[in-house]
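Close look at the chain arrangement
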Amino acid sequence: MNTSYVFRKKPATIYYSIVELVTMLGNEKLEVGTADQAQVQEIQHSLFDKVLANQFCLAPLVASSEKEKLAEGKPTQLKIIDGTQRIEALSQVINRVSNKITSKSKEERRQGCNLLKRLTTTELVVHVFEGLSPEDADQLHIALNTNHRT
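Residues numbered from 1 in each chain as written. Predicted model: local features only at pLDDT ≥ 70, side-chain atom pairs only at ≥ 80, totals over all residues. Heavy atoms only, no water.

1. Section: the sheet that holds strand β4 (residues 78-82)
What links the strands of a sheet is backbone hydrogen bonding, and the strands pair in either a parallel or an antiparallel sense. Here we have five strands laid out as an open sheet, ordered β1-β5-β3-β4-β2, and mixed in their pairing. The two strands at the open ends of the sheet, each matched to only one other strand, are β1 (12-17) and β2 (30-31). As paired strands, β2 and β4 are joined by two bridges and run parallel to one another. Bridge pairing in β4 links L30 to L78. Seen against the sheet, helix α2 (residues 18-26) touches β1, β2, β3 (61-65), β4 and β5 (123-130) and runs at an angle of roughly 90 degrees to β1. Sitting on the sheet, helix α4 (residues 84-101) touches β2, β3, β4 and β5, and the angle it makes with β4 is about 115 degrees. (Pairing = 2+ DSSP bridges. Helix = DSSP H or I, 4+ residues; strand = E, 2+ residues; numbered from the N terminus. Contact = heavy atoms within 4.5 Å. Axes fitted to C-alpha atoms, helices over the stretch in contact; angles between N-to-C directions.)

2. Things to note about the pairing of β4
Summarising burial for β4: four of the five residues are buried, a large majority. Judged from the three bridges that link them, β3 and β4 form a sheet pairing that is antiparallel. Note on β4: the bridge partner recorded for A63 is I80. (Buried < 20%, exposed > 50% of the residue type's maximum accessible area, 1.4 Å probe, protein only.)

3. A look at helix α5 (residues 106-121)
Between its first and last C-alpha, α5 extends 23 Å over 16 residues, near the 22 Å set by a 1.5 Å rise per residue. Buried residues of α5: G112, L115 and L119, and no others. Looking straight down α5, one finds its buried side chains confined to an arc of 70 degrees; they lie on one side. The exposed residues of α5 that point more than 90 degrees off its buried face are K106, K117 and T121. Elements in contact with the buried residues of α5: α2, α3 (37-52) and α4. (Expected span 1.5 Å × (residues − 1). Arc of directions from axis to C-beta.)

4. Quick word on the packing of α3 against α4
Contact pair α3 / α4: the axes reach a minimum separation of 8 Å and the direction vectors enclose 50 degrees. Taken as axis vectors, α3 and α4 run oblique relative to one another. Read as a crossing pair, α3 and α4 show a hand that is right-handed. Residue-level contacts link Q37, Q39, V40, Q41, I43, Q44, H45, L47 and F48 of α3 to Q85, R86, E88, A89, L90, Q92, V93, R96, V97 and K100 of α4. Residue composition of the contact of α3 with α4, grouped by class: eight nonpolar, seven polar and four charged. (Parallel < 35°, antiparallel > 145°, perpendicular 65-115°, else oblique. Left-handed = near helix turned anticlockwise from the far one by under 90°. Nonpolar A, V, L, I, M, F, W, Y, C, P; charged D, E, K, R; others polar.)

See below:
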């Protein structure tokens with residue numbers, strides 16, 4: 001497949017909160033590929049530290065939705081093409097924050113609430129391509145990751 005075909009399709013740029021994406025993942029409304037757990041752990045630790053310092057920024061995610069779903073508004077079901085490790089890491093960060101909120105330590109609970117507020121109010125850009133075939137999505141993933149490394 002010629003990737004120029006996919007890149008001629010204009011993606012919709014949609015904003016999702018981090019909690020919204022993690023909830024979609026938990027409800028199986030966000031399909032992700034197989035994650036490299038070592039890379040997920042590395043991202044998760046880095047993210048947690050950066051969220052604590054209020055100094056984090058994430059690259060946009062790339063996803064596909066079913067045909068004609070964008071006309072209905074913000075898609076509630078997506079397939080992640082690029083960003084699986086980031087989504088998995090964000091899910092783990094949310095779990096760590098939840099643990100802080102239920103801690104016996106008043107300071108940890110306060111810190112957990114502040115972190116959850118940041119994660120709830122922070123939005124990520126998701127570039128959504130509508131109606132991609134599985135082959136097109138695979139080729140787009142390869143193209144994005146090959147271009148990033150060269």
